[in-house]
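Next come the chains, spelled out residue by residue.
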Amino acid sequence: MAEIYKLIHPLKYFTDYISREVRPDGRKFDEQRNIKLNVNSLKTAEASAVVKCGNTTVVCGIQLELATPKAEEPDLGYLVTNLELPALCSPKYRPGPPSDHAQVTNYLVSDIITNSKCINLKDLCIVPDKLAWVLYCDIVCLDNDGSLVDACIIALMASLKTLCLPSVTYDNDTEDIKVNADIRTPLKVHGLPVATSFAVYKLPDRNILLTDPSAYEEEMCGGIGANFIVCSNEGLLCGTQKFGGSNLLSDSQEESLKISRDRTNVVKKVIETSIKNDNEFVS
Amino acid sequence: MPGPDLLSSQGLRLDGRRPNELRRIRCKLGVFTQPDGSAYLEQGNTKVLAAVYGPHQASKSKSTTEGVVVNCQYSMATFSTGERKNRPRGDRKSQEMSLHLRQALTAAIKTELYPRSQIDIYVEVLQADGGAYCAGVNAASLALIDAGIPLRAYACACSASMAWRNGEPEPLLDVGHVEEAAGGVVLTVASLPNTGSIALLEMSHRLHMDYFKVVLSRAMQGCRDIEIILDKAVRDHLAEGWTKQDVVTI
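Every value quoted in this text rests on a predicted model; they were computed, and no experiment measured them. (Residues numbered from 1 in each chain as written. Chains lettered and ligands numbered in written order. Predicted model: local features only at pLDDT ≥ 70, side-chain atom pairs only at ≥ 80, totals over all residues. Heavy atoms only, no water.)

Chemist: Provide a residue-level description of the state of the cysteines, including the pertinent values.
Modeler: Counted according to the given criterion, the structure contains 0 disulfides over all chains. Free of any disulfide, cysteine 53 of chain A has its nearest cysteine sulfur in cysteine 152 of chain A, 9.4 Å distant. Judged by relative accessible area, cysteine 53 of chain A falls into the buried class, the value being 1%. Of all cysteine sulfurs in the structure, the one in cysteine 223 of chain B sits closest to cysteine 158 of chain B, which takes part in no disulfide; the separation is 5.3 Å. (Disulfide = S-S within 2.5 Å. Buried < 20%, exposed > 50% of the residue type's maximum accessible area, 1.4 Å probe, protein only.)

Chemist: Explain the pattern of salt bridges residue by residue, including any values.
Modeler: Scanning the entire structure with this criterion turns up 25 salt bridges over all chains. Linking arginine 33 of chain A and aspartate 212 of chain A is a salt bridge whose minimum nitrogen-to-oxygen distance equals 3.2 Å. Of this pair, arginine 33 of chain A sits in the loop between α2 (10–19) and β1 (35–39) while aspartate 212 of chain A sits in the loop between β10 (207–211) and α5 (215–220); the two residues are 179 residues apart in sequence, bridging distant segments of the chain. Given a relative accessible area of 10%, arginine 33 of chain A falls into the buried group. Salt-bridge contacts for arginine 263 of chain A lead to aspartate 150 of chain A; the nearest nitrogen and oxygen are separated by 3.7 Å. Of this pair, arginine 263 of chain A sits in helix α6 (residues 250–282) while aspartate 150 of chain A sits in helix α4 (residues 148–162), and the two are 113 residues apart along the sequence. Each member of the pair arginine 263 of chain A and aspartate 150 of chain A is classed as buried. Overlapping salt bridges bring together Arg13, Asp15, Arg17, Arg23, Asp174 and Glu179 of chain B as one network. (Salt bridge = Lys/Arg side-chain N within 4 Å of Asp/Glu carboxyl O. Helix = DSSP H or I, 4+ residues; strand = E, 2+ residues; numbered from the N terminus.)

Chemist: How would you explain the UniProt feature "domain: Exoribonuclease phosphorolytic" (unreviewed entry) in chain A if you had to name every residue and give the values?
Modeler: Per the UniProt record, "domain: Exoribonuclease phosphorolytic" (unreviewed entry) is annotated on residues 31–166 of chain A. Secondary structure content for residues 31–166 of chain A is 24% helix and 37% strand, and the end C-alpha separation is 41 Å. (UniProt positions renumbered as here; feature names shortened; annotations may be inferred.)

Chemist: Run through the interface of chain A and chain B, naming residues and quoting values.
Modeler: At the junction of the two partners, chain A supplies 37 residues and chain B supplies 30 residues. Considering only the surface of chain A that becomes buried against chain B, Thr44, Gln63 and Leu88 of chain A emerge as the three largest contributors, covering 23% of it. Put simply, chain A and chain B have 1 salt bridge between them. The salt bridge partner of aspartate 138 of chain A is arginine 84 of chain B, with a shortest N-O separation of 2.4 Å. (Contact = heavy atoms within 4.5 Å. Buried area = accessible area lost by both parts, 1.4 Å probe.)

Here's what the structure looks like:
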């Protein structure tokens, strides 16, 4: 019955729930979905993580390559993030070249990582002007059920935190490169950027802020890319955006900052626990 | 034919398996909520995901009255191989694999039931350790069942290779990446074991005609073994009482 009601009156169905202070999946407005995280699940990548936020599933794999640094920045390495939204993750996507949404989200994720300064690119340089690491961070979305950016950042940070760089010796005269995969040093990660998505739903008298929206809620609140995303690294904001959709009120903005601060602690605990479990499993 | 040394003197393979032994297969149906059907399959270290959307209305240009249009896409995640792949899909190899997937799965699907419709099957390889195509077919088969699409039989794929032991030919089942890379013949068979028919057959390298039969029969045996595993997975899944309607989060 509810299914039919939803099809015939999609808007009223949603508003009925919201006006009773509950969301269609039973959550409260400020309640986020469960996070499940598994690190080092892929053996072909140097570091990897699978994360599930509710139904949204994202895999991140990091692979290493050596390259010459850019001439204008001889002491910096490269950090390349790439997000893929293959057609299998949602019925809305068609096979073919990356959609606009995929490209925008991709830029958003790489901007957040660059702005948060969680990786010092100087750490990736081996010999200035000669040799540097390229970190290819490939993120694949397997199931897109909303709040994609949050899941991507968690997967990416969990992978970066487990990444160990092999030691490299470079002979200046012969230009001989020796990589020793047995001696590894963990990559320095400064802080932990955490993104929190909100959907803003407009009721006649007020605006409602929905934390960690599902794909269905995103669709009801202005469609693709209309989320309000707050990203902070240790208290410093490093990416905040709201494109289109309903307007945001300044008091809900304060509320959102508080929620995102709480979420940071949760995510931190999830990542730490997951890495600890993995280390115990290995030893 | 002095092929590479794939069998030890004890008759064990490079990864410690016996010649007629499959790698461990672990699979799960209904792993995602967005697609109509999905499955995850692990065959040794090869890990693949399959998602099925449809049947839905086909676009005008593709639509036929004869049967459903099966659209397959095989893609390998950039981190699936040791060396980074720059193009996860659309390169020659992926296109060829997509085509082969379609050929094998069209044989299994009762295409005549859905004229003017389309089924999309997406296969994503997360980790490739040899036999990614075979794992893809097996996973897609499970995803089709999860989506509730009528099939003639399970479509199962398996590969086989050839080795020598004390001068006797000994076919190897379910070839891993190390054995693939060592050279030697790899015969890939996609079949409907229930009906005994072969949907797709592909062989690389050279093999003497006299030995073809033994290698093929071993690959077919592998397909039959895989069918038993898949069937068990489907039954277990259904026994859980898990139907799609239960978890739909409105």
